[in-house]
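A structural walkthrough
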Amino acid sequence: MQLDNIKTVSVPSIGKLPLAANPGTFTPSGVKRDHKPGRLAADGGYTETSTGAKLELNLNLMGIDITALGDIKDEDVTVRLASGAVHMLPQAFAAEAVPVGDGEGKLTLMANSSEKIS
């Protein structure tokens, strides 16, 4: 069995992002369930809230405009995994400016939803 990992990330305004050796994590959109207790155990249940998609990336910043990374907003970001699965984050945005250190930086992209497109 192969471990799944991020293979490539593409942003329309920038192109393919230069991922570091440890590319980061991708959490697709979904639901969060919280326990809702009842007077009796059988009366309990749960509540659901939607959760957005989150892409936390480690990037090699050599030759890339870090301001452009922080300016990502309302873009359809494509994430390709090592397994071959492809996900899209429609209308994604950068959560904050990219901090720089040792030629690498961390970029967090978020979207209200994600779609598995292949």
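Below is a short write-up of the structure. (Residues numbered from 1 in each chain as written. Predicted model: local features only at pLDDT ≥ 70, side-chain atom pairs only at ≥ 80, totals over all residues. Heavy atoms only, no water.)

1. A look at the side chain of T108
Its location among the elements puts T108 in strand β10 (residues 104-111). Look past the residues within four positions of T108 in its chain and what remains in contact with it is K54, L55, E56, F93, A94 and A95. (Helix = DSSP H or I, 4+ residues; strand = E, 2+ residues; numbered from the N terminus. Contact = heavy atoms within 4.5 Å.)

2. What about unusual backbone geometry?
The phi torsion at D74 lies on the positive side, around 55 degrees, for a residue other than glycine. Relative to the elements of secondary structure, D74 occurs in the loop between α1 (66-70) and β7 (75-81). Positive phi is not limited to glycine here, since Q91 has a value of about 55 degrees. As for its placement among the helices and strands, Q91 is situated in strand β8 (residues 86-94). Judged by relative accessible area, which is 45%, Q91 ranks as partly exposed. (Buried < 20%, exposed > 50% of the residue type's maximum accessible area, 1.4 Å probe, protein only.)

3. As for the pattern of salt bridges
A full pass over the atoms with the stated rule returns 2 salt bridges. Notably, a salt bridge pairs E48 with R33, separated by 2.9 Å at the nearest N-O pair. Here the residue E48 occupies a position in strand β5 (residues 45-51), and R33 occupies one in strand β4 (residues 30-36), the gap between them amounting to 15 residues. Under the relative-accessibility criterion, E48 is labelled partly exposed at 44%. R33 gets classed as exposed once you look at its relative accessible area, which sits at 51%. We note a salt bridge from K54 to E56, for which the minimum N-O separation is 3.7 Å. (Salt bridge = Lys/Arg side-chain N within 4 Å of Asp/Glu carboxyl O.)

4. Focus: the nonpolar core
Within the largest apolar cluster, 25 residues are counted, with the highest numbers of intra-cluster contacts made by I6, L17, L55, L57, L69, L89 and L107. Only β1 (6-11), β3 (19-27), β6 (53-60), β7, β8 and β10 provide two or more residues apiece to this core. In terms of residue count, β6 provides more of this core than any other element does, 4 residues in total. Not counting residues within four places of it along the chain, the set of residues in contact with L69 comprises I14, L17, L59, L61, I64, A94, V98 and L107. (Core = buried A, V, L, I, M, F, W, Y, C linked by side-chain atoms within 4.5 Å.)

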